[in-house]
Amino acid sequence: MGNALRQLGACLCDAIKQQAHEAAAGYGGGDHHAGYGASSEAGFAAFARDILHFDATGEVPEGLASFVQATRATQVIWYAYKKLLSAWKDSQPPPRNAAEATQLITQSLQTRRKSDLQGLLRFYGLSHPVVGPTPSNPSTQALYPTWPKGVQYEFTTLPVEGHSVADGDTITVFVDVSKDDREERAVPRSVFNAVEKRRRARENRDYKKADMLQQQIFDAGYKVFDGRGSEVLAHKYRIRLRGVDAPESSMPHGPESKAMLIKLVEGQQLRVYVYTADQYGRLVADVHTSHGFLQEQLLKRGCVWHYSQYDHRPELSEWEQEARRARVGLWHFPNPVKPWEYRKNAR
């Protein structure tokens, strides 16, 4: 394997190399991919190890068949030359993290059926490419593995509750910190301590103390969600939808815009692409649901304006014009007041 092995070793950090070597030593002794959904970097280590293993033996990983529909012969083709293995060797430098590995897999297998591609990513616990507007053609629905320009980071939320929608363009969401390495590293020690104390208080049926600790956790920007035999520590965020502006609640169509946003996001796990934070501490973001790009859905339904003063994406303007021509939503009114002008006059 020579140079390929040296390249691969150089691109893995010490922790990931240790994971890869430990798992490789016990290769075939059970499904060593099973727990990687909680750590994309561990999934990246597993993928790197499997590339090495295939290069040495020609064997695809055990357990993959449970995640994809393709036959084992087809799986071999995926890993063989002119697919994953050659893509890894040809990349300069080779993938160094989970995001780059996801991009390599998606680009190498982009002609395969979508369910198999997503199954392979799920097998390694890597993030699924989002279904929605692509950077080069925002009006189409296609898979893309790279962030649009300007995105600082991304995360997936817990299912959204209806009462978390403040108005037609703002949502409060929670992120499971155990499923996001960046989130888990950022949790203050005081919050972890409060979570542990709350757990003990509940075990002792001291619910008054448990409620007090839950409030402390909430005041720090977190919340513990209790399930049957388990609990989830989640980080709270307020999301301001990028590039759109909804009517205020006291404006015509304001309540209707809010109601539509609730309908579109309630119960959904949202994929959030964060660009910046506004003056109120909200994250300005693009949001995707299982049905596609949220801002597109709202614009086409006439629920929001394109906030062209701050966002110059032409597709947002096109979707607004589509709703205007159809006279749907707020465009049913002859001369709707722009929400930013309404706020200015109110001040």
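What you see is a predicted model, and the numbers here were worked out from it, not measured in a lab.

Secondary structure summary: the protein chain contains 14 helices and twelve strands in total. Within the protein chain, the fraction of its 347 residues that count as buried is 46%. Carbon and sulfur atoms provide 49% of the accessible area of the protein chain, an area that totals close to 18,000 Å².

A few words now on the nonpolar core. Of all hydrophobic cores here, the largest spans 28 residues; its most connected members are Phe155, Ile171, Ile239, Val265 and Leu294. Breaking this core down by element, the ones donating at least two residues are β5 (170-176), β7 (230-241), α11 (254-265), β9 (271-277), β10 (283-289), α12 (294-300) and α13 (314-326). The contacts of Leu294, once residues within four sequence positions are left out, are Ile171, Leu241, Leu261, Leu264, Val265, Val287, His288 and Thr289. Counting residues in each nonpolar core, the second largest holds 26 residues, with Phe54, Leu84, Trp88 and Phe123 among its members.

This part covers the side chain of Asp50. Position of Asp50 relative to the elements: it lies in helix α3 (residues 40-57). Here Asp50 is buried and forms no salt bridge, its nearest opposite-charge partner Arg49 lying at an N-O distance of 4.2 Å. Of note is the side chain of Asp50, whose polar atom sits 2.7 Å from the side chain of Tyr124.

Most peptide bonds take the trans configuration, and most residues that are not glycine carry a negative phi. Of note, Arg205 is a non-glycine position whose phi angle comes to about 60°, a positive value. The topology assignment puts Arg205 in the loop between α9 (189-203) and α10 (207-219). The residue His253 is not glycine, and still its phi comes out positive at about 70°. Mapped onto the elements of the fold, His253 is located in the loop between β8 (244-245) and α11. Assessed through its relative accessible area of 13%, His253 is described here as buried.

With respect to the helices and strands, the residue Leu241 is situated in strand β7. Note on Leu241: relative accessible area 1%, which makes it buried. Sequence separation of Leu241 and Ala285 is 44 residues, and the distance between their C-alpha atoms is 5.4 Å. When sequence neighbours within four positions are dropped, the list of residues in contact with Leu241 reads Gly168, Asp169, Ile171, Leu261, Ala285, Val287, Leu294, Gln295 and Leu298.

The next subject is the environment of Gln295. Along the chain, the position of Gln295 falls in helix α12. For Gln295, a relative accessible area of 0% translates into the label buried. It is 8.9 Å that separates the C-alpha atoms of Gln295 and Asp169, two residues lying 126 residues apart in sequence. What Gln295 contacts, discounting residues up to four positions off in sequence, is Leu241, Arg242, Val244, Ala285, Asp286 and Val287. Engagement of the side chain of Gln295 in a polar contact is seen with the backbone oxygen of Arg242, the distance being 3.0 Å. A polar atom in the side chain of Gln295 sits 3.1 Å from the side chain of Asp286.

Attention shifts here to the pairing of β5. With seven of seven residues buried, β5 is to be regarded as a mostly interior element. In terms of strand pairing, strand β4 (residues 165-167) meets β5 through two bridges, oriented antiparallel. Bridge pairing links Val165 to Ile171 in β5. Between β4 and β5, which follow one another and run antiparallel, lie two residues. Bridging between β5 and β7 involves seven bridges; their strand directions are antiparallel. Bridged to Ile171 within β7 is Ile239.

The rules we used
- Residues numbered from 1 in each chain as written.
- Predicted model: local features only at pLDDT ≥ 70, side-chain atom pairs only at ≥ 80, totals over all residues.
- Heavy atoms only, no water.
- Helix = DSSP H or I, 4+ residues; strand = E, 2+ residues; numbered from the N terminus.
- Buried < 20%, exposed > 50% of the residue type's maximum accessible area, 1.4 Å probe, protein only.
- Areas by Shrake-Rupley, 256 points an atom, 1.4 Å probe, with all protein chains shown as cover.
- Core = buried A, V, L, I, M, F, W, Y, C linked by side-chain atoms within 4.5 Å.
- Contact = heavy atoms within 4.5 Å.
- Lys, Arg positive; Asp, Glu negative; His and termini not counted.
- Salt bridge = Lys/Arg side-chain N within 4 Å of Asp/Glu carboxyl O.
- Polar contact = N/O pair within 3.5 Å; in protein donor to acceptor, adjacent residues only side chain to side chain.
- Pairing = 2+ DSSP bridges.

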